[in-house]
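Structure assessment
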Amino acid sequence: MTVQINPSILSADPANLEPELARIATADAAHIDVMDGHFVPNLTMGLPIVARLAQVSPIPLDVHLMIDDADRWAPQYAEAGAASVTFHAEAVRAPVRLARELRAAGVGAGVAVRPATPVEPLLDLLAEFDMVLVMTVEPGFGGQSFIEGTLPKVSRLRQAVGPAGPGAVHIQVDGGVSRTTIGRIARAGADVFVAGSAVYGADDPAAEVAALRALAEAPYEA
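The following paragraphs examine the structure supplied in this document. The residue numbers shown here count from 1 along each chain, following its written sequence. Whole-chain, interface and lining totals are the exception, using all residues; otherwise, since this is a predicted model, local features are given only for residues with pLDDT of at least 70 and side-chain atom pairs are given and counted only at 80 or more. Remark: hydrogens and water are excluded; side-chain values derive from all non-hydrogen atoms of the structure.

**As for helix H4 (residues 95–104)**
Buried within H4 we find Val96, Leu98, Ala99 and Leu102. Along H4, the residues classed as buried sweep out an arc of 160° about the axis, all on the same side. In H4, the exposed positions that point more than 90 degrees away from the buried face belong to Arg97, Arg100 and Ala104. As for H4, its buried residues are in contact with helix H3 (70–79), strand S4 (84–88) and strand S5 (108–113). One or two steps after H4, the chain reaches glycine 106, where phi turns positive at roughly 90°. The rule is simple: take the accessible area with a 1.4 Å probe, protein chains only, and divide by the maximum for that residue type; under 20% is buried, over 50% is exposed, in between is partly exposed. We count a stretch as a helix when DSSP gives it H or I for four or more residues in a row; a strand needs E for two or more, and each element gets its number in order from the N terminus. Taking the helix axis as origin, the arc is that swept by the directions to the C-beta atoms. Any two residues having at least one pair of non-hydrogen atoms within 4.5 Å are treated as being in contact.

**Let's talk about the packing of aromatic side chains**
In this analysis, rings of Phe, Tyr and Trp, with Trp reduced to its six-membered ring, are considered paired at centre separations within 6.5 Å, and the interplanar angle assigns stacked below 30 degrees, edge-to-face beyond 60, and tilted for intermediate values. Applying the stated criterion to the full structure yields one aromatic pair. Here, over-ring charges are defined by two tests on the NZ atom of lysine or the CZ atom of arginine: distance to the ring centre within 6 Å, and angle to the ring normal within 35 degrees. Against the face of phenylalanine 39 rests arginine 114, its NZ or CZ located 4.4 Å from the ring centre.

**Digging into the pattern of salt bridges**
For this document, the term salt bridge refers to a Lys or Arg side-chain nitrogen within 4 Å of an Asp or Glu carboxyl oxygen. The tally for this structure, following the rule as stated, stands at ten salt bridges. Between arginine 103 and aspartate 130 there is a salt bridge whose closest N-O contact spans 3.2 Å. Pair noted here: arginine 103 is in helix H4 and aspartate 130 is in the loop between S5 and strand S6 (131–135), with a separation of 27 residues, a long-range link. By relative accessible area, arginine 103 is classed as partly exposed at 32%. Taking relative accessible area as the criterion, aspartate 130 reaches 28% and is therefore assigned partly exposed. In this structure, arginine 156 and glutamate 120 form a salt bridge, with 2.7 Å as the shortest nitrogen-oxygen distance. Remark: glutamate 120 occurs in the loop between S5 and S6 and arginine 156 occurs in helix H5 (residues 151–161); sequence separation between them is 36 residues. According to the relative accessible area criterion, glutamate 120 is partly exposed, its value standing at 37%.

Any link to function would need more than the numbers given here.
As structure tokens, then:
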């Protein structure tokens, strides 16, 4: 089974983002955390920076919006060059309508949930999304410890989605992903993994991407 490793540039050097993207060119996508200081207590980057990153990145941009009023802003990130746009279920009024709008714009549509948000309300709507993101830390800051109690949500999603593979809804996990946790996360059913500090904190980010990929694929091959 092919898994995806999407390093988060939240842990990269913000003054050198183009070379920092080049360091993860062997990954499947660059995970871009957009925070507005309202939905989460942190402020990162907005549309102009994401649009510029899309021009220089060697890999697709996996944009994760941790912002209020995602109904309004998400389509603009599609126009800015994102390959996929994930919005939070807690921050939208009409998630299905927004997902359809994103898909119509030619990008993947993802929906995210905080650690304490149940996934059950999404289970009957999975066909409307390309990906469900389970936050395994509280969104807002990198480097947090993995919340073990989020894994049952990943398992429930995998049971509802069925086997990972072409055409399936991806199950992404973001938060505390490292060599010590990625195997358990994969066994629970995730197939897309966001790792920030584990990758950018390594001496060789490309080698760390390869190591994480091997560890994530092992449970699927067993």
